[in-house]
Amino acid sequence: MKKIIAAVVVLPFLAVSGYAIAEEIQGKIKEKNSWSITLTDGNFYSVGNSTALEGLKPGDEVKVTFERGGESQEDKAHSIQKVDPNR
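Residues numbered from 1 in each chain as written. Predicted model: local features only at pLDDT ≥ 70, side-chain atom pairs only at ≥ 80, totals over all residues. Heavy atoms only, no water.

A. A look at the environment of Asp-75. Following the sequence through the fold, Asp-75 ends up in the loop between strand E4 (61-67) and strand E5 (76-82). Asp-75 gets classed as buried once you look at its relative accessible area, which sits at 15%. Taking C-alpha positions, Asp-75 is 5.3 Å from Tyr-45, a pair spaced 30 residues apart along the chain. What Asp-75 contacts, discounting residues up to four positions off in sequence, is Phe-44, Tyr-45, Ser-46, Phe-66, Glu-67, Arg-68 and Gly-69. (Helix = DSSP H or I, 4+ residues; strand = E, 2+ residues; numbered from the N terminus. Buried < 20%, exposed > 50% of the residue type's maximum accessible area, 1.4 Å probe, protein only. Contact = heavy atoms within 4.5 Å.)

B. Structural view of the environment of Phe-66. In this fold, Phe-66 is placed in strand E4. Residue class for Phe-66 comes out buried when judged on its relative accessible area of 2%. Along the chain, Phe-66 and His-78 lie twelve residues apart, while their C-alpha atoms are 5.2 Å from each other. Not counting the four nearest positions on each side in its chain, Phe-66 is found in contact with Ile-21, Ala-22, Glu-23, Glu-24, Ile-25, Tyr-45, Asp-75, Lys-76, Ala-77 and His-78.

C. Just the side chain of Ser-46, in detail. Among the secondary structure elements, Ser-46 is positioned in strand E3 (residues 44-46). We classify Ser-46 as buried; its relative accessible area is 9%. Excluding its chain neighbours within four sequence positions, the residues that come into contact with Ser-46 are Trp-35, Ser-36, Glu-74, Asp-75, Lys-76 and Ala-77.

D. Summary view of the side chain of Asp-60. Its place among the elements puts Asp-60 in the loop between E3 and E4. Look at Asp-60 and you get buried, because its relative accessible area is 7%. A polar contact of 2.9 Å, which involves the side chain of Asp-60, links it to the backbone nitrogen of Lys-57. With near-sequence residues (within four places) excluded, Asp-60 lies in contact with Gly-27, Lys-28, Ile-29, Gly-55 and Lys-82. (Polar contact = N/O pair within 3.5 Å; in protein donor to acceptor, adjacent residues only side chain to side chain.)

Function cannot be read off these values alone, since they describe shape.
Written out as structure tokens, the structure is:
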């Protein structure tokens with residue numbers, strides 16, 4: 001019962017505070033520029049630091065941890081890691 005009450009009290013605050021949940025996706029890079037990548041499925045991710053994309057090139061398999069765009073409607077990548085496609 002205490003857990004239910006705690007959830008009822010906490011959940012509205014999370015919704016109002018703009019609390020974001022990181023998501024992950026894996027795919028191949030179709031296009032890359034200094035501040036963003038586009039995967040072959042058409043998903044676009046911007047980065048806050050261009051060094052996050054160093055060493056990556058089109059065709060690389062990557063795992064992107066990102067936050068869905070809010071008002072800007074732009075998904076922001078927190079990390080982009082190259083993935084071994086043979087794993």
